[in-house]
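These are the residues of each chain, in order.
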Amino acid sequence: GAGVSQSPSNKVTEKGKDVELRCDPISGHTALYWYRQRLGQGLEFLIYFQGNSAPDKSGLPSDRFSAERTGESVSTLTIQRTQQEDSAVYLCASSSQGRANYGYTFGSGTRLTVV
Amino acid sequence: EDKVVQSPLSLVVHEGDTVTLNCSYEVTNFRSLLWYKQEKKAPTFLFMLTSSGIEKKSGRLSSILDKKELFSILNITATQTGDSAVYLCAVEIAGGTSYGKLTFGQGTILTVHP
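Residues numbered from 1 in each chain as written. Chains lettered and ligands numbered in written order. Predicted model: local features only at pLDDT ≥ 70, side-chain atom pairs only at ≥ 80, totals over all residues. Heavy atoms only, no water.

*Asks:* I would appreciate a short explanation of the packing of aromatic side chains in the present structure.
*Replies:* Aromatic ring pairs are described here by two measures, namely the spacing of the ring centres and the angle between the planes. All told, the structure shown has 11 aromatic pairs over all chains when counted by the stated rule. With 5.8 Å between their ring centres and 50° between their planes, Tyr35(A) and Phe106(A) make a pair best called tilted. With Tyr35(A) in strand 4 (residues 31-37) and Phe106(A) in strand 9 (residues 105-106), the pair connects residues that are 71 residues apart, well separated along the chain. Relative accessible area serves as the criterion here: at 0%, Tyr35(A) is assigned to the buried category. Here Phe106(A) falls in the buried class, since its relative accessible area comes to 7%. Aromatic side chains Tyr25(B) and Phe30(B) sit 5.0 Å apart centroid to centroid with 20° between the ring planes, which places their arrangement in the stacked category. Across this residue pair, the class does not change: Tyr25(B) and Phe30(B) are buried. Grouped by ring-pair contacts, the aromatic residues Tyr33(A), Tyr35(A), Phe45(A), Tyr48(A), Tyr104(A), Phe106(A), Tyr36(B), Phe45(B) and Phe104(B) constitute a single cluster. (Phe/Tyr/Trp six-rings, centres within 6.5 Å; stacked < 30°, edge-to-face > 60°. Helix = DSSP H or I, 4+ residues; strand = E, 2+ residues; numbered from the N terminus. Buried < 20%, exposed > 50% of the residue type's maximum accessible area, 1.4 Å probe, protein only.)

This is the structure:
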């Protein structure tokens, strides 16, 4: 696609439910990143995928968070048993070669509200 | 631990003013520093800096990096209401197995009044 597409744009969920967020990167971009942005804060790195290599999960805050990506296509971020502290905007970015100067582009994010 | 600190956290100015936003960093293995503008959700790219002392310029915006003192500034001259946004500074770390992973500052909220 022309840009990084994320869905849904907004999600309200009850505490304890599982949610799944989707990111569709720019076609041909091998690297994909997930970030979390809490209200009034900068972006926190969550996870990085590069082609078929093992993902870098070092930023995932707890074992309730997981992400998958099949090849160089769509990625899903799953949050199990959501907590109110998970409320944030979840942003996805992709780049063509896993470098910040190779067309690193952000999606418009998913605003998650846990009530 | 890698750290990026921006100042001020917020700034209110009037149209036509000039502003300077600051970003300092402490990271293990610096590759590049990036500035983004965030108006709604998606940060949009402004500048990428890798070398000290070389100013990057785009219209009324300019930025420069000092790798000795570990900071960067973003200048906006003749501000307009459309410049109102959150400005994010991020540092890309070199090496390891993760490439393009960015460490962000907390952002500066700029408000430009007519």
